[in-house]
Amino acid sequence: MSPAGTARDRIVLRGVRGRGFHGVFEHERREGQDFVVDVELAVDLTAAGASDDLADTVNYGEIGAAVLARIEGEPQDLVERLAELVAADALAHAAVDEVTVTVHKPQAPVGVPFDDVLVTVVRSRAPVPAVVAVGANLPWGSSGPAETLASAVEALGHHPALAVEARSVVVESDPVGGPPDQPVFANAVVLLRTALSPASLLRELHAVEAAFDRRREVRWGARTLDLDLVQYGDPGQDADVRSASPRLTLPHPRAHERAFVLLPWLDADPEARLRTDDGVVPVADLLARVDTTGVRVPPRPAVADGPDPAPDPDPDESEQA
Ligand SMILES: Nc1ncnc2c1ncn2[C@@H]1O[C@H](COP(=O)(O)OP(=O)(O)OP(=O)(O)O)[C@@H](O)[C@H]1O
Ligand SMILES: Nc1nc2c(c(=O)[nH]1)N=C(CO)CN2
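Quick caveat, the model's predicted, so the values are computed rather than measured.

## Let's talk about the overall build of the chain
Point 1. Summing up its helical and strand segments, the chain has nine helices and 14 strands in all.
Point 2. For 321 residues, the compact-globule estimate of 2.2 N^0.38 gives 20 Å, and the C-alpha radius of gyration of the chain, at 26 Å, exceeds that figure by more than 25%.
Point 3. Dimensions along the principal axes, computed over C-alpha positions, put the chain at roughly 110 × 40 × 35 Å.
Point 4. Considering the chain as a whole, with its 321 residues, one finds that 43% of them fall into the buried category.
Point 5. For the chain, long-range pairs separated by at least 24 residues make up 68% of all intrachain contacts whose partners lie at least 6 apart in sequence.
Point 6. Accessible area for the chain stands at about 17,400 Å²; split by element, carbon and sulfur atoms hold 53% of it.
Point 7. Across the chain, the centroid of the 29 positively charged side chains sits 8 Å from that of the 52 negatively charged ones.

Shown next as C-alpha cells:
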C-alpha cells in the first residue's frame, strides 16, 4: 500500500531504447549495445485530469529524453547504477512521489542462451525539510485566528507523512495587500520534514485549509486559514526544489519580502536560509532589509512566577515629596 499522502496514480513509459557503452568488460565499453528502459512514475493526476493542462502533470516526453540521455551518456559499469541515475532524474520532478525503473540489457554477455536480463529499482523520496507559512485573519467557528493556527499545526503533526520539527511564535501582523479594512492576521511558520513530493505536500496543505473552511474568493482576501509552502529541501546543500509553475512556485515568490513570514521563520530557525535572485541568503539578512513595523511579537511569558514587581511611584506623590 502507498504511504499516506503518496500518489496512487501512475504514468508509465515502456521500452525507451538506445545504444550505450555501459558494462564491466572492455568490449562492452568499446562496441556498445542496446539498453531498454521502462519507467513508472507515481504522480497524482487529479489536477491534470480536471484542468487538461500539461503544467499540472509530468511531461512523458521530458522523462523519455532524460532516460535516453542517461542510456547514451557517461558509461557506467553496472545496469544497477544506470537505473539509479534514471530514478534520481525522475524524482527531481516536483510532482513525482515514487519511481520504478527497469533497465533491460538484452545483448548482455551472459554466457548462456537467454531472453533478457534486467534490473528493477523502486525509489521513493528521502525525507527533506520543508518550510510552511501559516496565516489567518477570520474566526473559524468559535476559534480566533491564533487558536486556528495552533489547531492547524496540530493537524499537520497528526498527518502520517509529516513530522513537525519546530514551530515559531505566533505574531500579529497588519494585512499586506488585498481588500482594505481586513482584520489583522495571526502568522507563524512551521518547519516540517516529509518524504512527500512538493506537489503532494501542497495538496495535503490544501486539504488542511479545506478542513478549516478556507475559501478562495478574492485575491489576498480575509481567510480562516492559509498554508503557503515557502521552501522544499535545503538550499544550503543546493538540495531545494525550484519550480516556476503557477500551480506550485518554489521557493514561494513573495516569502523573501514578507516580514510576517521572515520574522517568525527566524524565530523557529535562527540559521534559516532562503534561495532568492541574489543566491541563498540568511533569513536574518532578508529580515534586516524589510519593513517590520506592521508585525508585532507578543511579549514572552515570564519564566517563573515571582513576586509582583514594585509599583511605579505615583508621579503626583513624588512631585509633592
Ligand atoms: N509555494 C506555494 N505555496 C502555496 N500555494 C502556491 C505556491 N505556489 C503556487 N501556489 C498556488 O497559488 C494559488 C493561490 O494560493 P493562495 O490562495 O494560498 O494564495 P494567497 O495565500 O492568497 O497569496 P500568496 O500566494 O501571495 O501567499 C494556489 O492555488 C496554489 O496552487
Ligand atoms: N499580514 C499579512 N498579510 C497578508 C497575508 C498574511 O498571512 N499576513 N497573506 C497574504 C496572502 O497569503 C496577503 N497578505
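## Overview of the site of ligand 2
Point 1. Within the structure, ligand 2 sits among S173, D174, P175, V176, F185, N187, W220, R223, D226, D228, R258 and F260.
Point 2. A distance of 2.6 Å is found between a nitrogen atom of ligand 2 and a backbone nitrogen or oxygen belonging to V176.
Point 3. Coverage of ligand 2 by the protein amounts to 96% of the 330 Å² it exposes when considered alone.
Point 4. Assessed atom by atom at 2 Å from the grid points, ligand 2 resides in the largest pocket.
Point 5. Taken together, the elements giving at least two residues each to the shell around ligand 2 come down to β8 (185-194) and β9 (226-232).

## Focus: the packing of helix α3 (residues 60-72) against helix α4 (residues 79-91)
Point 1. Interaxial distance between α3 and α4 falls to 10 Å at its minimum, and their mutual angle equals 150°. Relative to α4, the element α3 lies roughly antiparallel. Relative to α4, the crossing made by α3 is right-handed. Touching I63, A66, V67, R70 and I71 of α3 are L82, L85, V86, D89 and A90, all from α4.

## What about the nonpolar core?
Point 1. Grouped together as the largest cluster of nonpolar side chains are 28 residues, with contacts concentrated most on L201 and L229.
Point 2. Sorting the residues of this core by element identifies β5 (128-136), α5 (145-158), β8, α6 (198-211) and β9 as the ones contributing at least two each.
Point 3. Grouped together as the second largest cluster of nonpolar side chains are 25 residues, V37, L82, A83 and V99 included.

## Quick word on the side chain of T148
Point 1. Mapping T148 onto the fold places it in helix α5.
Point 2. A relative accessible area of 0% means that T148 is categorised as buried.
Point 3. Here T148 is in contact with W140, S143, F212, T224 and L225, once residues within four sequence places are set aside.

## A word on empty space enclosed by the protein
Point 1. Throughout the structure, instances matching the rule amount to one cavity of 30 Å³ or more.
Point 2. For the largest cavity, the calculated volume is near 30 Å³.
Point 3. Forming the walls of the largest cavity are V39, I63, A66, V67, V86, D89 and A90.
Point 4. Of all the secondary structure elements, the ones that give two or more residues to the lining of the largest cavity are α3 and α4.

## Comments concerning the pattern of salt bridges
Pairs may arise between side chains of opposite charge once their charged atoms sit close together.
Point 1. Inspection of every chain in the model, using the stated rule, returns 25 salt bridges.
Point 2. With its nearest N and O atoms 3.5 Å apart, the salt bridge here joins R193 to E165. Placement of R193 in strand β8 and of E165 in strand β6 (residues 162-167) is noted, with a sequence separation of 28 residues between them.
Point 3. The exposure class of R193 is partly exposed, given its relative accessible area of 33%.
Point 4. Here E165 falls in the exposed class, since its relative accessible area comes to 51%.
Point 5. Between R296 and E172 there is a salt bridge whose closest N-O contact spans 2.9 Å. You can see R296 sitting in strand β14 (residues 295-296) and its partner E172 sitting in strand β7 (residues 171-173), a full 124 residues away along the chain.

## Quick look at the UniProt feature "domain: 7,8-dihydro-6-hydroxymethylpterin-pyrophosphokinase" (unreviewed entry) in the chain
Point 1. Under the UniProt annotation, the feature "domain: 7,8-dihydro-6-hydroxymethylpterin-pyrophosphokinase" (unreviewed entry) is placed at residues 219-230.
Point 2. From the first C-alpha to the last, residues 219-230 spans 18 Å; its make-up is 0% helix and 42% strand.

## Side note on the domain arrangement of the chain
Point 1. Segmenting the chain into domains produces domain 1 (10-124) and domain 2 (128-296).
Point 2. The gap between the C-alpha centroids of domain 1 and domain 2 is 36 Å.
Point 3. Facing the nine residues of domain 1 at the interface are nine residues of domain 2.
Point 4. For the pairing of domain 1 and domain 2, the buried interface totals around 640 Å² over both sides, and the portion due to carbon and sulfur atoms is 44%.
Point 5. Broken down residue by residue, the surface that domain 1 buries against domain 2 is led by D44, A94 and D97, which jointly contribute 61%.
Point 6. Inspection of the domain 1/domain 2 interface yields two salt bridges.
Point 7. Counting across the interface, domain 1 meets domain 2 through five residue pairs in polar contact (both at pLDDT 80 or more).
Point 8. At the level of elements, α2 (46-51) and β3 (96-104) are the ones that each hand at least two residues to the side of domain 1 that touches domain 2.
Point 9. Tallied by class, the residues present in the side of domain 1 that touches domain 2 amount to five nonpolar, one polar and three charged.

What counts as what
Residues numbered from 1 in each chain as written. Chains lettered and ligands numbered in written order. Predicted model: local features only at pLDDT ≥ 70, side-chain atom pairs only at ≥ 80, totals over all residues. Heavy atoms only, no water. Helix = DSSP H or I, 4+ residues; strand = E, 2+ residues; numbered from the N terminus. Rg over C-alpha atoms; globule rule 2.2 N^0.38 Å. Buried < 20%, exposed > 50% of the residue type's maximum accessible area, 1.4 Å probe, protein only. Contact = heavy atoms within 4.5 Å. Areas by Shrake-Rupley, 256 points an atom, 1.4 Å probe, with all protein chains shown as cover. Lys, Arg positive; Asp, Glu negative; His and termini not counted. Charge placed at Lys NZ, Arg CZ, Asp CG, Glu CD. Near = heavy atom within 4 Å. Polar contact = N/O pair within 3.5 Å; in protein donor to acceptor, adjacent residues only side chain to side chain. 1 Å grid on protein atoms, 1.4 Å probe; cavity = no way out; pocket = protein on both sides within 12 Å on 5 of 7 lines; lining within 4 Å. Sits in = over half its atoms within 2 Å of the grid points. Axes fitted to C-alpha atoms, helices over the stretch in contact; angles between N-to-C directions. Parallel < 35°, antiparallel > 145°, perpendicular 65-115°, else oblique. Left-handed = near helix turned anticlockwise from the far one by under 90°. Core = buried A, V, L, I, M, F, W, Y, C linked by side-chain atoms within 4.5 Å. Points joined across faces, edges and corners; volume = space filled by probe spheres on them. Salt bridge = Lys/Arg side-chain N within 4 Å of Asp/Glu carboxyl O. UniProt positions renumbered as here; feature names shortened; annotations may be inferred. Domains from an automatic or database assignment. Buried area = accessible area lost by both parts, 1.4 Å probe. Nonpolar A, V, L, I, M, F, W, Y, C, P; charged D, E, K, R; others polar.

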